[in-house]
Amino acid sequence: MEQPEEPGSSSPALDFTVENVEKALHQLYYDPNIENKNLAQKWLMQAQVSPQAWHFSWQLLQPDKVPEIQYFGASALHIKISRYWSDIPTDQYESLKAQLFTQITRFASGSKIVLTRLCVALASLALSMMPDAWPCAVADMVRLFQAEDSPVDSQGRCLALLELLTVLPEEFQTSRLPQYRKSLVRTSLAVECGAVFPLLEQLLQQPSSPSCVRQKVLKCFSSWVQLEVPLQDCEALIQAAFAALQDSELFDSSVEAIVNAISQPDAQRYVNTLLKLIPLVLGLQDQLRQAVQNGDMETSHGICRIAVALGENHSRALLDQVEHWQSFLALVNMIMFCTGIPGHFPVNETTSSLTLTFWYTLQDDILSFEAEKQAVYQQVYRPVYFQLVDVLLHKAQFPSDEEYGFWSSDEKEQFRIYRVDISDTLMYVYEMLGAELLSNLYDKLGRLLTSSEEPYSWQHTEALLYGFQSIAETIDVNYSDVVPGLIGLIPRISISNVQLADTVMFTIGALSEWLADHPVMINSVLPLVLHALGNPELSISSVSTLKKICRECKYDLPPYAANIVAVSQDVLMKQIHKTSQCMWLMQALGFLLSALQVEEILKNLHSLISPYIQQLEKLAEEIPNPSNKLAIVHILGLLSNLFTTLDVSHHEDDHEGPELRKLPVPQGPNPVVVVLQQVFQLIQKVLSKWLNDAQVVEAVCAIFEKSVKTLLDDFAPMVPQLCEMLGRMYSTIPQASALDLTRQLVHIFAHEPAHFPPIEALFLLVTSVTLTLFQQGPRDHPDIVDSFMQLLAQALKRKPDLFLCERLDVKAVFQCAVLALKFPEAPTVKASCGFFTELLPRCGEVETVGKVVQEDGRMLLIAVLEAIGGQASRSLMDCFADILFALNKHCFSLLSVWIKEALQAPGFPSTRLSPEQKDTFSQQILRERVNKRRVKEMVKEFTLLCRGLHGTDYTADY
């Protein structure tokens with residue numbers, strides 16, 4: 001097939017012919033080559049917005065064309081009307097309207113997808129003309145389609161009219177009309193609703209109406225109620241929809257209509273109507289029970305949606321009607337039945353999850369009342385909420401092992417998420433029920449574990465523990481009098497199942513803060529955790545629980561430290577756990593060792609990491625290959641994670657943030673530094689063979705970066721040799737991770753005179769190497785440029801003296817940063833903007849910076865204006881606004897000359913701008929030297945003008 005030319009060829013206007021459009025559509029639908037399809041799609045999108053679309057659209061709707069072609073014609077008309085309304089002369093409105101009516105009438109007995117598209121086009125036209133140019137649009141539509149002289153049969157006309165009336169509110173919801181027009185049109189539609197609802201009522205209640213018409217009526221009603229029609233005006237239609245629930249063909253459409261009508265925000269004003277709806281909803285209980293009995297999930301789901309919509313959206317309004325408290329309580333009990341619907345979610349039922357938010361809402365509303373009313377409702381609803389806890393814990397129970405074995409992985413994942421939702425609900429309910437809830441759970445668990453009458457199921461035990469865990473994870477249970485009993489019960493649980501074992505672990509983990517306050521109980525549960533470490537199926541729960549205990553209880557763990565380290569070493573050597581759990585385990589050991597004496601720490605570190613050091617020495621001798629690379633990265637990761645949490649010094653104040661300083665360690669050199677110095681040569685040896693590999697370099701840098709972050713000043717002895725190693729690494733093969741570590745060193749040590757010389761030398765070296773990289777072409781290394789810009793910004797922030805050195809080519813750095821502003825990668829551009837916003841305020845205090853800005857600042861301004869003019873993503877405009885603001889604040893006299901000169905150039909920064917618009921922008925910018933937010937707004941406004949988007953649909957969400 002001959003391929004349509006792309007719109008960019010010599011005469012694009014001539015390309016968009018009916019023939020070419022048909023060829024492109026054939027290519028889109030039938031060409032097996034994906035590139036040709038993409039090309040055709042791109043060309044067709046251009047065709048739809050071209051002026052020629054007005055011509056070819058009507059021709060594509062001819063009766064001899066296939067539906068795909070007709071559909072494209074109708075879509076093109078909709079796009080032209082909805083997006084390019086201002087292009088249509090007012091004297092053509094009526095003929096366009098008439099043509100659309102004619103086509104809709106013709107397609108009433110034709111292709112349904114084309115009919116819908118034409119209806120959407122006419123709806124868009126109506127919205128653009130209402131209320132002035134077409135005051136009674138909806139009434140006119142109804143009248144025209146009811147005319148008897150139409151060639152189409154009455155049912156076809158009726159369905160076409162209903163389709164048009166259905167898409168009209170939908171088109172309104174998605175249209176991007178300006179705000180003032182939107183409220184005008186909304187008011188107009190609310191009035192027009194008087195022409196729609198009587199027709200819908202008549203068609204729904206008419207015994208002769210066929211099912212397809214009644215279904216369409218319900219969909220049309222559903223569409224209109226979303227325009228916030230007063231609920232009392234919908235009463236008759238809602239009642240008719242309730243009646244239609246008995247018809248299986250109309251059930252889904254009726255549910256949708258009722259739920260949409262009840263859920264509109266304005267509905268709560270119509271309390272009398274809401275009260276009338278309660279008996280209608282309660283009247284569905286027999287149908288609901290029958291559906292549950294018959295395993296009819298669709299029906300039970302639909303009825304539940306209706307009950308929840310009424311309860312969730314209007315609980316406050318209905319609770320306010322105190323004299324009707326019993327009917328509302330009956331609705332609450334109906335929703336409780338839906339929460340506890342028989343069967344396991346999501347295999348036997350999908351309804352119970354819909355109800356969970358209702359219980360939050362009801363609780364919030366009850367607790368929001370004044371004390372007296374709240375006390376009355378607490379008396380009524382506390383028993384309901386205790387019943388809810390029982391129901392939720394029953395729903396959270398796992399099925400039998402045999403049944404669970406047949407579940408798909410997707411079903412298991414849905415069940416896991418459902419249990420998390422139940423957990424969140426229980427945690428929320430604690431606010432209503434308080435400590436009595438914990439006592440209630442404890443009593444049940446105690447009775448279950450101590451009863452000799454009947455054997456208990458592990459599922460029941462697990463669910464009760466899960467309830468405890470849900471609450472203990474987020475609520476402070478330190479003062480609860482039942483936790484000691486619970487800790488005492490845990491060892492009595494007969495653990496015969498992975499799910500139960502997991503929950504036992506997570507429950508212990510949730511109680512780790514309590515254990516820190518009651519260290520005498522640690523010995524009751526720690527053996528269980530250490531035993532579980534050896535089971536790969538309990539990997540996540542056992543390791544995360546040990547990590548929590550080691551973090552919260554570290555000062556009480558020294559008596560158990562030898563045992564914990566021995567068990568951990570054993571499972572690490574046996575490779576029982578996956579990589580991420582091994583890393584967590586190392587973090588746990590870091591917390592544990594932090595509380596020991598330095599000699600003890602060093603002794604444990606020696607036994608813990610010696611095997612890995614030996615392995616690393618062996619790997620360092622081998623020729624690099626993929627398998628030994630994985631082993632190296634794993635070992636380096638283990639060391640990183642150990643050093644992340646191994647912190648022997650005590651913070652002066654845990655809340656001081658990044659400026660945190662620590663008290664010196666009285667016991668001698670920091671153990672982490674001792675180990676790092678011992679393995680430094682080995683790490684260098686590994687690096688020498690793997691310098692080309694970003695992953696290994698990253699893993700090496702991570703060890704030092706995490707150590708620096710944890711140790712802060714204690715890391716000082718390592719600074720000179722680390723600076724030297726980083727310099728050698730970066731000189732050989734520049735990598736972003738080396739720059740990130742350099743930034744960390746600058747942040748913590750550059751301000752200290754003793755460490756300034758090695759850091760300055762490293763800073764100058766990496767800058768020189770990166771500048772060389774820029775000369776060779778930096779486009780392949782956006783990550784390096786990004787990290788380099790962040791390093792420069794950090795240097796200016798923490799130690800501007802780094803820019804005073806004669807060996808630093810500030811001019812070259814400035815020019816490279818301007819170049820980085822033009823990168824397509826957003827993070828790199830953002831980092832470059834960050835550099836300039838740190839640099840420009842230093843114009844006065846750092847002479848070299850001031851000189852470069854004076855010489856090359858105009859180049860920076862041009863790059864910023866080009867970006868605002870359309871060369872950079874709109875999402876980055878705030879960053880460029882920050883540069884303009886900094887230029888204006890710190891280099892005002894220079895900017896006032898540069899910006900006027902730059903904007904005088906014709907067509908710069910965009911051909912869409914008039915000289916007046918450019919002049920206004922420069923004046924606005926130069927006037928605003930205080931309010932950064934105002935400058936950001938000016939830049940956003942200006943970039944829209946530059947891109948031709950100002951005042952269009954595209955600005956609605958901007």
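Residues numbered from 1 in each chain as written. Predicted model: local features only at pLDDT ≥ 70, side-chain atom pairs only at ≥ 80, totals over all residues. Heavy atoms only, no water.

A. The overall build of the protein, seen in detail. The number of helices and strands found in the protein is 45 helices and zero strands. When its C-alpha atoms are laid out on the principal axes, the protein stretches across 100 × 90 × 60 Å. Per-residue burial over the protein gives 54% buried out of 958 residues. Pairs at least 24 apart in sequence give 73% of the contacts found in the protein among residues at least 6 apart. Accessible area of the protein: about 42100 Å², with a carbon and sulfur share of 52%. (Helix = DSSP H or I, 4+ residues; strand = E, 2+ residues; numbered from the N terminus. Buried < 20%, exposed > 50% of the residue type's maximum accessible area, 1.4 Å probe, protein only. Contact = heavy atoms within 4.5 Å. Areas by Shrake-Rupley, 256 points an atom, 1.4 Å probe, with all protein chains shown as cover.)

B. Expanded view of helix H3 (residues 34-49). Taking 1.5 Å per residue as the helical rise, H3 with its 16 residues ought to reach 22 Å, and the 23 Å between its terminal C-alpha atoms agrees with that figure. Among the residues of H3, those classed as buried are Ala-40, Trp-43, Leu-44, Ala-47 and Gln-48. Down the axis of H3, the buried set is contained in an arc of 140°. They therefore lie on one face. When the buried face of H3 is taken as reference, the exposed residues oriented beyond 90 degrees from it are Ile-34, Glu-35 and Met-45. (Expected span 1.5 Å × (residues − 1). Arc of directions from axis to C-beta.)

C. Representation of the nonpolar core within the structure. Counting 335 residues, the largest nonpolar core has Trp-224, Tyr-381, Phe-704, Phe-715, Phe-803 and Phe-880 as the members making the most contacts within it. Once residues within four sequence positions are removed from consideration, Phe-803 is found in contact with Phe-763, Leu-792, Ala-795, Leu-796, Leu-808, Val-810, Phe-835, Leu-839, Val-846, Thr-848 and Val-849. In terms of nonpolar packing, the next biggest core, distinct from the first, is built from 14 residues, Phe-16, Val-18, Ala-53 and Phe-56 among them. (Core = buried A, V, L, I, M, F, W, Y, C linked by side-chain atoms within 4.5 Å.)

D. Structural context of the packing of helix H10 (residues 179-205) against helix H12 (residues 235-244). Between H10 and H12, whose axes approach to 10 Å, the crossing angle comes to 25°. When the axes of H10 and H12 are compared, the pair comes out roughly parallel. Where H10 crosses over H12, the two elements pack in a sense that is left-handed. Contact residues: H10 offers Phe-197, Leu-200, Glu-201, Leu-204 and Gln-205, while H12 offers Ala-236, Leu-237, Ala-240 and Ala-241. (Axes fitted to C-alpha atoms, helices over the stretch in contact; angles between N-to-C directions. Parallel < 35°, antiparallel > 145°, perpendicular 65-115°, else oblique. Left-handed = near helix turned anticlockwise from the far one by under 90°.)

E. Representation of unusual backbone geometry in the model. Along the chain, Met-130 connects to Pro-131 via a cis peptide bond; the corresponding omega equals -10°. As for its placement among the helices and strands, Pro-131 is situated in the loop between helix H7 (112-129) and helix H8 (137-146). In the segment running from Phe-345 into Pro-346, the intervening peptide bond is cis, with an omega of 0°. Structurally, Pro-346 can be placed in the loop between helix H17 (325-339) and helix H18 (356-367). Unusually for a residue other than glycine, Gln-575 sits at a positive phi of about 55°. Tracing the chain through its elements places Gln-575 in the loop between helix H29 (558-573) and helix H30 (579-594). Note on Gln-575: relative accessible area 65%, which makes it exposed. Phi at Leu-712 is positive, roughly 50°, even though this residue is not glycine. Of note, Leu-712 is situated in the loop between helix H34 (694-711) and helix H35 (719-732).

F. Inspection of the layout of surface pockets at higher detail. By volume, the second largest pocket is sized at about 530 Å³. Around the second largest pocket sit 18 residues that line it, and Phe-398, Arg-416, Arg-419, Asp-502 and Phe-506 are the ones nearest its centre. Mapped onto the lining of the second largest pocket, the elements with two or more residues apiece are helix H21 (409-433), helix H23 (458-474) and helix H25 (498-510). Counting residues per element, the lining of the second largest pocket draws most heavily on H21, which supplies seven residues. Its residues placed into classes, the lining of the second largest pocket shows seven nonpolar, four polar and seven charged. (1 Å grid on protein atoms, 1.4 Å probe; cavity = no way out; pocket = protein on both sides within 12 Å on 5 of 7 lines; lining within 4 Å. Points joined across faces, edges and corners; volume = space filled by probe spheres on them. Nonpolar A, V, L, I, M, F, W, Y, C, P; charged D, E, K, R; others polar.)

G. Structural view of the pattern of salt bridges. The tally for this structure, following the rule as stated, stands at 35 salt bridges. Between Lys-936 and Asp-882 there is a salt bridge, and its shortest N-O distance comes to 3.7 Å. Of this pair, Lys-936 sits in helix H45 (residues 932-946) while Asp-882 sits in helix H42 (residues 877-890), placing them 54 residues apart in sequence. Residue Lys-936 is classed as partly exposed on the basis of its relative accessible area, which comes to 24%. A single network of salt bridges, built from pairs that share partners, joins Lys-811, Lys-851, Glu-855 and Asp-856. (Salt bridge = Lys/Arg side-chain N within 4 Å of Asp/Glu carboxyl O.)

H. Region of the structure containing the packing of aromatic side chains. All told, the structure shown has 25 aromatic pairs when counted by the stated rule. Measuring from centroid to centroid gives 6.3 Å for Tyr-29 and Tyr-30, while their planes differ by 55°, and the two rings are tilted. Consider the rings of Phe-398 and Phe-415, whose centres lie 5.3 Å apart with planes at 80°: the pair is edge-to-face. Taken as a pair, Phe-398 in the loop between helix H19 (371-395) and helix H20 (401-405) and Phe-415 in helix H21 lie far apart in primary sequence, 17 residues in all. Each member of the pair, Phe-398 together with Phe-415, is buried. One aromatic cluster is present, formed by Phe-345, Phe-398, Tyr-404, Trp-407, Phe-415, Tyr-418 and Trp-458 through successive ring pairs. (Phe/Tyr/Trp six-rings, centres within 6.5 Å; stacked < 30°, edge-to-face > 60°.)

I. Structural view of the side chain of Thr-943. Assignment of secondary structure puts Thr-943 in helix H45. Classification of Thr-943 as buried rests on a relative accessible area of 0%. Only 2.6 Å separates the side chain of Thr-943 from the backbone oxygen of Ile-868, close enough to count as a polar contact. (Polar contact = N/O pair within 3.5 Å; in protein donor to acceptor, adjacent residues only side chain to side chain.)

J. Structural context of helix H4 (residues 53-60). Those residues of H4 lying buried are Ala-53, Phe-56, Ser-57, Trp-58 and Leu-60. Each element contacted by the buried residues of H4 is listed here: helix H2 (18-30), H3, helix H5 (67-83) and helix H6 (93-107).

K. Structural view of the UniProt feature "domain: Importin N-terminal" (unreviewed entry) in the protein. Summarizing the sequence annotation, UniProt attributes the feature "domain: Importin N-terminal" (unreviewed entry) to residues 40-106 in the numbering used throughout. The span residues 40-106 is 73% helical and 0% strand by assignment, and the distance between its end C-alpha atoms comes to 29 Å. (UniProt positions renumbered as here; feature names shortened; annotations may be inferred.)

L. Spatial organisation of the side chain of Ser-787. Topologically, Ser-787 is positioned in helix H38 (residues 782-798). Apart from the residues lying within four places of it in its own chain, the contact partners of Ser-787 are Ala-736, Leu-739 and Asp-740.

M. Structural view of the packing of helix H31 (residues 598-621) against helix H32 (residues 626-645). At a closest axis distance of 10 Å, the pairing of H31 and H32 adopts a crossing angle of 155°. It follows from the interaxial angle that H31 and H32 lie roughly antiparallel. The crossing of H31 and H32 is left-handed. Facing H31, whose interface residues are Leu-605, Leu-608, Ile-609, Tyr-612, Gln-615, Leu-616 and Leu-619, H32 presents Asn-628, Ala-631, Ile-632, Ile-635, Leu-636, Leu-638, Leu-639 and Leu-642. For the contact of H31 with H32, a count of residues per class yields 13 nonpolar, two polar and no charged.

N. Summary view of the confidence of the model for the protein. On average, the protein scores 90 in pLDDT, and the residues at 70 or more come to 95%. A low-confidence stretch, residues 952-958 (pLDDT under 50), is modelled with 17 contacts involving residues beyond four sequence positions or located in other chains. (pLDDT = per-residue confidence, 0-100.)

O. Just the environment of Ala-863, in detail. Within the fold, Ala-863 resides in helix H41 (residues 847-871). The spacing of Ala-863 and Ala-820 is 43 residues in sequence and 9.9 Å in space, taken between C-alpha atoms. For Ala-863, the contacting residues outside a window of four places in its chain are Val-818, Leu-821 and Lys-822.

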